[in-house]
Amino acid sequence: MSQINRLNGGQIDRARALRFTFDGKSYAGHQGDTLASALLANGVRLMGRSFKYHRPRGPLTADSSEPNALVELRNGARQEPNTRATTIELFDGLDANSQNRWPSLKFDVMAVNDAASNFLTAGFYYKTFMWPAAFWEKLYEPIIRKAAGLGSLSMTADADEYDKGFRHCDLLVIGAGPAGLMAALTAGRAGKEVILADEDFAMGGRLLTEQEEVGGTSALDWTVQMVAELSSLPNVRLMPRTTVIGAFDHGIYGAVERVSDHLATPDAGKPRQILWRIYSQHTLLCAGALERPIAFDHNDRPGVMLASAMRSYVNRWAATPAQKVAVFTSCDDGHRTARDLNAAGVKIAAVVDTRADAPSSMDYEVLAGAQVTQTKGRLGLTFAQVRLADGSERTLECGALGITGGWNPNVHLTCHQRGRPAWDADLNAFVPGQDLPPGMSVAGAATGAFSTHAALSQGADSAAKALGVKAADVPEAQDAPTGQSAFWYVEGCSRAWLDQQNDVTVKDVKLSHQEGFRSVEHLKRYTTLGMATDQGKTSNMGGLAIMAELAGKAIPEVGTTIFRPPYTPTAIGTLAGRMRGMEFHPTRLTPSHFWAKERGAVFVEVGNWLRAQWFPIEGETHWRQSVDREVSQTRASVGVCDCTTLGKIDVQGVDAATFLNKIYCNPFVKVPVGKVRYGLMLREDGIAMDDGTAARLAEDHFVVTTTTANAGKVYQHMEFVRQCLMPDEDVQLISTTEAWAQYAVAGPNSRALLQKIVDAPTDLSNEGFPFMACANITVCGGLRARLFRISFSGELAYEIAVPARYGDALMRRLMDEGEEFGVVPYGTEALGVMRIEKGHAAGNELNGTTTALNLGMGGMVSVKKDSIGSVLSRRDGLNEDGALNLIGVKPVNAEDKITAGGHLMNETGPVDASHDQGYVTSAAYSPELGSMVGLAFLNSGKDRLGERMRLVSPVTQSEVLVEVASAHFVDPEGGRQRA
Amino acid sequence: MIINHPLLGPRDSAEFVYMGDASLIERPDPDAEDAAELFHDYAYLRENPAGELRELWFHEGGDRSWLVVTRNTVTHEISKVELARDVARNKGRST
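Since this is a predicted model, take the numbers as computed values, not measurements.

**Notes on the overall build of chain A**
Here's step 1: On a plain count of helices and strands, chain A comes out with 22 helices and 49 strands.
Here's step 2: Partitioning the contacts of chain A with sequence separation of at least 6, the portion at a separation of at least 24 is 66%.

**Brief notes about the interface of chain A and chain B**
Here's step 1: Taken residue by residue, the interface counts 17 residues in chain A and 23 residues in chain B.
Here's step 2: Among the secondary structure elements, those contributing two or more residues to the side of chain A that touches chain B are helix 18 (711–725) and helix 22 (870–873) of chain A.
Here's step 3: With six residues, helix 18 of chain A is the single largest residue contributor to the side of chain A that touches chain B.
Here's step 4: For the side of chain A that touches chain B, the class distribution of residues is six nonpolar, four polar and seven charged.

**Points about the pairing of strand 2 (residues 9–12) of chain B**
Residues and elements named next belong to chain B.
Here's step 1: Sheet topology places strand 1 (residues 2–5) next to strand 2; four bridges connect them, and they run antiparallel. Residue pairing across strands places His5 opposite Gly9, the latter belonging to strand 2.
Here's step 2: Linkage of strand 1 to strand 2, two consecutive antiparallel strands, is achieved through a turn of three residues.

**Details of the nonpolar core**
All names here are of chain A.
Here's step 1: In terms of nonpolar packing, the biggest core is built from 122 residues, with Leu660, Tyr743 and Val745 touching the most fellow members.
Here's step 2: Aside from chain neighbours lying at most four places away, what touches Tyr743 is Val640, Cys641, Asp642, Cys643, Glu799, Ile800, Leu810, Met811 and Leu814.
Here's step 3: Grouped together as the second largest cluster of nonpolar side chains are 91 residues, Met47, Ile88, Leu498 and Val558 included.

**Focus: the packing of helix 7 (residues 307–317) of chain A against helix 8 (residues 333–343) of chain A**
All names here are of chain A.
Here's step 1: Relative to each other, helix 7 and helix 8 sit at 25°, their axes nearing to 9 Å. As summarised for this structure, helix 7 and helix 8 are arranged roughly parallel, according to the angle between their axes. Pair helix 7 / helix 8 crosses with left-handed handedness. Touching Ala307, Ser308, Met310, Arg311, Val314 and Asn315 of helix 7 are Asp333, Gly334, Arg336, Thr337, Asp340 and Leu341, all from helix 8.
Here's step 2: Split by residue class, the contact of helix 7 with helix 8 holds four nonpolar, four polar and four charged.

**Topic: the sheet that holds strand 3 (residues 17–21) of chain B**
Here's step 1: The strand order 3-4-5-6 (chain B) describes an open sheet built from four strands, whose pairing is antiparallel. Two strands lie at the open edges of the sheet, namely strand 3 and strand 6 (78–83) of chain B, each paired on one side alone. Each neighbouring strand pair of the sheet contributes to a mean axis angle of 25°, computed without reference to strand direction.
Here's step 2: This element, helix 18 of chain A, spans strand 3, strand 4 (52–58) and strand 5 (66–72) of chain B of the sheet and lies at about 85° to strand 5 of chain B.

**As for the environment of Asn113 of chain A**
Residue and element names in this part refer to chain A.
Here's step 1: Examined against the element boundaries, Asn113 turns out to sit in helix 2 (residues 112–115).
Here's step 2: By the C-beta count within 10 Å, which is 19 here, Asn113 ends up partly exposed.
Here's step 3: Spatially, the C-alpha atom of Asn113 lies 7.1 Å from that of Lys52, the residues being 61 residues apart in sequence.
Here's step 4: Not counting residues up to four positions away in its chain, the partners in contact with Asn113 are Lys52, Tyr53, His54 and Leu120.

**Things to note about unusual backbone geometry**
All names here are of chain A.
Here's step 1: In the segment running from Pro565 into Pro566, the intervening peptide bond is cis, with an omega of -5°.
Here's step 2: Among the secondary structure elements, Pro566 is positioned in the loop between helix 13 (555–558) and helix 14 (572–576).
Here's step 3: Along the chain, Ala760 connects to Pro761 via a cis peptide bond; the corresponding omega equals 10°.
Here's step 4: Inspection of the secondary structure puts Pro761 in the loop between helix 19 (750–755) and strand 40 (774–779).
Here's step 5: Positive phi, close to 65°, is recorded for Met155, a residue that is not glycine.
Here's step 6: The residue Met155 is located in the loop between helix 4 (135–147) and strand 8 (162–174) in this model.

Reading the values: rules and limits
- Residues numbered from 1 in each chain as written.
- Chains lettered and ligands numbered in written order.
- Predicted model: local features only at pLDDT ≥ 70, side-chain atom pairs only at ≥ 80, totals over all residues.
- Helix = DSSP H or I, 4+ residues; strand = E, 2+ residues; numbered from the N terminus.
- Contact = placed C-beta atoms within 7 Å.
- Nonpolar A, V, L, I, M, F, W, Y, C, P; charged D, E, K, R; others polar.
- Pairing = 2+ DSSP bridges.
- Core = buried A, V, L, I, M, F, W, Y, C linked by C-beta atoms within 7 Å.
- Buried ≥ 20, exposed ≤ 12 C-beta atoms within 10 Å, placed from the backbone.
- Axes fitted to C-alpha atoms, helices over the stretch in contact; angles between N-to-C directions.
- Parallel < 35°, antiparallel > 145°, perpendicular 65-115°, else oblique.
- Left-handed = near helix turned anticlockwise from the far one by under 90°.

Below you can see the structure in the form of structure tokens.
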């Protein structure tokens, strides 16, 4: 197929033809094209439909500020909605589809909205869907949901990978136009570490698209030379295809590098995009300027585009939007477009210049003091209606219309830390204000210096100043005066688009003003001006100017909305990077994890850890069978459980005991060497924080355990107390959770089992190693180990720790040696069942709202010493009569189910929140009792043993009669653990 | 943000855990007559200035130091970073 609108020249590689499809139709383009330039070259102006009115649209720009030409790119899992055709690099096989239309781009049923536009004005949703309220859920919301949204998702997981990276530099230069190139040259030649980032795939900015001379050669040749020099400097890193999306604190910038978006699929092992965190000493923003349109009736037809974009398409991509074009301008810039297009052989219908003193031309007609008032053409521009200076009308036949009302400095990143731009009355534009992000300076067109020479010299000087080096020599370049007037809209226009993506017209802004939504932030939300994927890059100024005029204020008084990161839309996948699925956080495995896996264990995530939940054996079809067996066999003989994940903190120093005395609410100073003590930690507000054991291995050495979930938090807390509250005590802390593999060996045969592996002279007899004893010992012929006689299950039990690398071997050894006792490994479920049967509190009970008193440990809080939380634990509010007490519940009817989270109500009376008596925190089936049992907090619970209550759960709609019991269902006297 | 650690130099704030107002170092005397009031204020009352605030940061991804960082809550400018232990000593917390 011929590219009917392809011209000669341009920066495309004509030797490399690329095939692509748009809406199923095949086209040809070249390496170096964007999707938009290739479509224009093929005579396609219609590329999308607007959001609200579904009006036919073509590209307005040739860059990332594009509001109209949004397409769905690629297909299958790689389908991506709302990509800008103006920035998509063409590749062979590219497949794009238009969006927001049905059944086709040329015939879109929803375009009926356009005919109904009188009703769909600003605030339409707020006004229409308010009443009657009953209509909302059934009628309005489904309608809105169906009509809402732009583009569609693939509904499958993203097939690509994303990465994150970190870079450091002396100078970050954002934007590789004339200012950015000179800045990078200045810093690079001075030997500074430089990063030059530009969102385009080619560096040069407007130098790539303008017909002018720099340093006695063409702007393009000069650019190519400079980029080559920069590439040769080892201290300069060029980052094309990289958008700096945000200016964050302390010189940190976020940047998205599109590593593979210009390829059909990423190369093997390469990410699609990388999110860089750039740490810069100085940053020079050379982001250039964005051209501003003029609003007039029906200024949104495909073919109407910014004059600079038209110039870009013709000069850089050798693609003209039409064979005959017109230009509508309020400044000299529009004449550049006419000049360049004329030189490229495109017919110029006329240049319509609002100024009476417009410069004339030998090559084309200039209509001075004239304005475009209306356009024609259903799916693309055919005529422009012009009102001439004398008031008469004239019709210009043209397939494209370039418009320019001047330029707005691109101040976006200067405002990311709540800086406000300043109004420049000479330019009639906002320029960067005084309160820039620290370390940032601005050069070139972004400051309002619009001539090429000014950009070059500002770039060099700003970089030199920031780094204290010599500025690079600035080449000769055009330095034309760049005054621009304020000309925002054509008098009398109404359906004149300001925000083309969100369909906000001049009329909508007027309505917003009329209805009282006059502040810029209200205007934005009421009309949706500037809310879309382009965030109003081409539309905000026009809207502000009209609002200012209506309010009788100056534009700076009206101000701007706040610019926020990201500068351009950023994929969620890019922000997530590698942190997807199981890589969202690290997965921690215990030393005997692979042994457990061999045994067929079912694992559960606990914090970052994977823990064995139960170990099914042949014939077991339900988890309860496995768990009941593990519990029964442990209580009958012996079981082994991996408890490595419990936090372990080594506490050493002369003042170790004094320190723990402060940390725990119960006393620790007098714990003898060789003994373990249970400890309860409170928060300073008197609420229980965590519990565990502290084993005194020597006068100056304790090993503290924490719950798995709180290991990090408790360590942090202990360091706080050590460094901030007891700064000169002789005590040192280190986390040793990963250093030791630890196993609970529980059950009446646990002593007999351990006897087989401990080395002489360790005496495991009840006298030699009584309940709550601890010792450094050796096992298996010399392997150092720590042995603790503590019990979470209520059975005769030990915990044995060995250096982590021996964990797997120890577990296998225990299983082998235990064969004669029928040893079972047990998982976290059986662990939970046994601790509930025994009435031990765990995370469910230490839930951040409960006190020592609630937990039945009120007496543990020492009044003879100060500890963290002790003062506030004694306040009245936590010690009132009727406080919650930890108790047990069992069903009156043994078959009934106890539900954790259910609430306790009196046996008779109302069931509602005001009659709530307490709640169940943990529940499990007890093989020992042959029914379910639960732990609960109950008002005055310790005085209500034997009472019947109703356990209700509105969630499961259950109501079960239960009996209040002691939480210690099994062996309440503790005879077993002391045996 | 970048926190200039007194021992380790400039570090990314991602290495730290934040705990708010550094007044937590000034734990009241538990034996004071009005200890309950003092501890109530200590546990629950915080200044929330729009401006300079001395706050606690824990270098969890580093050397596990607690730091007192003086930060402007409006601009995020960090004007001073000290070891919390030194601050505690200066407050007379050594026994």
